[in-house]
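Here are the chains, one letter per residue:
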Protein chains: 2
Amino acid sequence: MKITMKEVVKERIDPHSGTAFELRQGQLLKVTAPTGEQVSELICYNLTDPDEWLSSGRTLDHAGAWLIRQGHVLYSNRSRPMLSLLEDSCGRHDFLLAPCSQEMYQQTNSTEANISSCHENLHGRLMAWDIDPDEIYITFKLFMNTQLQADGSLSVDTPASKAGDYVLFRAEMDLVVGLTACAAAQYNNGTLKHIEYEIIEE
Amino acid sequence: MKITMKEVVKERIDPHSGTAFELRQGQLLKVTAPTGEQVSELICYNLTDPDEWLSSGRTLDHAGAWLIRQGHVLYSNRSRPMLSLLEDSCGRHDFLLAPCSQEMYQQTNSTEANISSCHENLHGRLMAWDIDPDEIYITFKLFMNTQLQADGSLSVDTPASKAGDYVLFRAEMDLVVGLTACAAAQYNNGTLKHIEYEIIEE
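Under the annotation held in an unreviewed UniProt entry, chain A carries the name Urea carboxylase-associated protein 1 and is attributed to Cesiribacter andamanensis AMV16.

Draft legend 1. Broad picture of the overall build of chain A. The number of helices and strands found in chain A is 3 helices and 12 strands. In terms of overall dimensions, chain A has C-alpha extents of about 55 × 35 × 35 Å along its principal axes. In chain A, once contacts between residues fewer than 6 apart in sequence are set aside, the share between residues at least 24 apart is 76%. Accessible surface, chain A as shown: approximately 7,800 Å² in total, 44% of it carbon and sulfur. Side chains of chain A carry 16 positive and 29 negative charges; the gap between the two charge centres is 7 Å.

Draft legend 2. Here's a closer look at the relation of the copies chain A and chain B. Superposing chain A onto chain B takes a rotation of 180° combined with a translation of 0.0 Å along the rotation axis, leaving an RMSD of 0.0 Å. Read as a symmetry element, the transformation amounts to a two-fold axis. It is L96 of chain A whose C-alpha, among those of chain A, lies nearest the rotation axis, at 3.4 Å. When the interface residues of chain A are mapped onto chain B, 100% of them are again interface residues, pointing to one common binding face.

Draft legend 3. Structural view of the sheet that holds strand 11 (residues 175-181) of chain B. Residues and elements named next belong to chain B. Pairing is antiparallel across the open sheet formed by 4 strands, whose spatial order is 2-11-4-7. Each of the sheet's edge strands pairs with one partner strand only, and the pair in question is strand 2 (17-23) and strand 7 (140-142). For this sheet, the mean inter-axis angle between neighbouring strands, taken without regard to orientation, is 25°. As paired elements, strand 2 and strand 11 share 7 bridges and run antiparallel to each other. Bridging from a neighbouring strand, T19 pairs with L179 of strand 11. The strands that helix 3 (residues 118-126) touches are strand 2, strand 4 (40-46) and strand 11; relative to strand 11, the one it contacts most, it runs at about 140°.

Draft legend 4. View of the interface of chain A and chain B. Every contact between the two is made by 38 residues of chain A and, on the other side, 39 residues of chain B. Together chain A and chain B conceal approximately 3,100 Å² of surface at their shared face, both sides included; 53% is due to carbon and sulfur atoms. Together, R58, W66 and D134 of chain A form the three largest contributors to the area buried by chain A at its contact with chain B, with a combined 18%. Counting the contacts that link chain A with chain B gives 2 salt bridges. Linking D134 of chain A and R78 of chain B is a salt bridge whose minimum nitrogen-to-oxygen distance equals 2.7 Å. Summed over the shared surface of chain A and chain B, the number is 25 residue pairs in polar contact (both at pLDDT 80 or more). Mapped onto the side of chain A that touches chain B, the elements with two or more residues apiece are helix 1 (56-63) and helix 2 (102-107) of chain A. In terms of residue count, helix 1 of chain A provides more of the side of chain A that touches chain B than any other element does, 6 residues in total.

Draft legend 5. The arrangement of the pattern of salt bridges in detail. By the definition in use, this model includes 21 salt bridges over all chains. Notably, a salt bridge pairs E52 of chain A with R80 of chain A, separated by 2.9 Å at the nearest N-O pair. Of the two residues, E52 of chain A sits in the loop between strand 4 (40-46) and helix 1 while R80 of chain A sits in the loop between strand 5 (73-75) and strand 6 (81-88), which places them 28 residues apart along the sequence. Exposure remark for E52 of chain A: the relative accessible area of 0% places this residue in the buried category. Exposure remark for R80 of chain A: the relative accessible area of 39% places this residue in the partly exposed category. Measuring nitrogen to oxygen at the nearest pair gives 4.0 Å for the salt bridge that ties D61 of chain B to R58 of chain B.

Draft legend 6. Inspection of unusual backbone geometry at higher detail. The backbone of D130 of chain A shows a phi angle near 65°, a positive value even though the residue is not glycine. Within the secondary structure, D130 of chain A sits in the loop between helix 3 (118-126) and strand 7 (140-142). One non-glycine residue, H16 of chain B, lies in positive phi territory at about 40°. In this fold, H16 of chain B is placed in the loop between strand 1 (6-13) and strand 2.

Draft legend 7. Inspection of the environment of R12 of chain A at higher detail. Residues and elements named next belong to chain A. Mapped onto the fold, R12 is located in strand 1 (residues 6-13). Separated by 17 residues in sequence, R12 and L29 have C-alpha atoms that sit 13 Å apart. R12 has contacts with H194, I195 and E196, leaving out every residue within four places of it along the chain.

Draft legend 8. Structural context of the pairing of strand 3 (residues 28-33) of chain B. Residues and elements named next belong to chain B. Where burial is concerned, most of strand 3 is hidden: 5 out of the 6 residues are buried. Relative to strand 12 (residues 195-201), strand 3 runs antiparallel, the two sharing 5 bridges. Bridge pairing links V31 to Y197 in strand 12.

Draft legend 9. Representation of the sheet that holds strand 5 of chain A in the model. Residue and element names in this part refer to chain A. Ordered in space as 1-12-3-10-6-5, the 6 strands form an open sheet in which the pairing is antiparallel. Of all strands in the sheet, those with a lone pairing partner are strand 1 and strand 5, marking the two edges. This sheet shows a mean twist of 20° between the axes of neighbouring strands, independent of strand direction. Here strand 5 pairs with strand 6 via 3 bridges, running antiparallel. Across the sheet, L74 pairs through a bridge with L83, a residue of strand 6.

Rules and cut-offs
- Residues numbered from 1 in each chain as written.
- Chains lettered and ligands numbered in written order.
- Predicted model: local features only at pLDDT ≥ 70, side-chain atom pairs only at ≥ 80, totals over all residues.
- Heavy atoms only, no water.
- Helix = DSSP H or I, 4+ residues; strand = E, 2+ residues; numbered from the N terminus.
- Contact = heavy atoms within 4.5 Å.
- Areas by Shrake-Rupley, 256 points an atom, 1.4 Å probe, with all protein chains shown as cover.
- Lys, Arg positive; Asp, Glu negative; His and termini not counted.
- Charge placed at Lys NZ, Arg CZ, Asp CG, Glu CD.
- Least-squares fit on C-alpha atoms with pLDDT ≥ 70 in both.
- Pairing = 2+ DSSP bridges.
- Axes fitted to C-alpha atoms, helices over the stretch in contact; angles between N-to-C directions.
- Buried area = accessible area lost by both parts, 1.4 Å probe.
- Salt bridge = Lys/Arg side-chain N within 4 Å of Asp/Glu carboxyl O.
- Polar contact = N/O pair within 3.5 Å; in protein donor to acceptor, adjacent residues only side chain to side chain.
- Buried < 20%, exposed > 50% of the residue type's maximum accessible area, 1.4 Å probe, protein only.

This is the structure in structure tokens:
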């Protein structure tokens, strides 16, 4: 039997902005960095019960891994599969840090304080599903290259992604998904670039 | 001027159990592993607004570190200081993983499934402050010895703590704190032991 793939949506996320959309169980989500070297932050919630949310800690527990890669499953706080990571052409993502916020920029006197943050860009679109700012947890930061040193420190280096690198997920439940083109130039080799995503049905 | 320390509370947390209590701004919290090799999971919320919660991701961001140690500050999701880590005789704690839950034990067919989990033990006491199970986020896991391998995998090894090792925090806002003696024998060198804590005023 030949499986026919049908593209439902293909969209562009402009530099330092974000979006949100519904993704149905079984649909595929492909997120591409057309230029490379650009982070995209992803968060998701159970569409019918947003108190069930993407949990970094639970995902790391189930994977037995701190680097989430092809073949891993992203879990909810209730230990239920939300997204399966079917394909991953980059292999380097972060699931430890919080999305940057204006409050954080202000605390750290960041030069990014004049532009909107991923936290704001996510909330600005997720509020349509009644998700509050305090309900934005740790995002899965596609292509973010967080390096952990043996002395306990960490750094966020230039993304390892090349032009056209992508990840492909399958939704394991009905979801609302927030997705950004990361707004912090320092994490993206100095320039803010766009991200593309597709929703695909088998 | 001599500073006089006044002990307000000294309590024992029995093996595989948990507690919750209020901690006022400026009060000190000392958590001790009398036997060593025993994890204690800590979570906290703004006492007057529990939508402000202890954020692992925000804490790691502000610290520029994945190992949180003496001198670091534990931050809320709103990038405000909650607890300062004043003293730490062990130096090895985890802030990546979620507290174990019954749902997780069941998914992984764990042998721990017959005893209560840290998630349940925290919720059982925090419900008195109207905190729901879905509002229990990533705990600061005192003395948990999570080792990260270069290939992306992780393991939880025997705690590095010796008998009497402790951490001392100062509350930077009024808090409700949940605290456990970790219930998963595999993380505690095979036996479940008790934890002690003191609330101290300067």
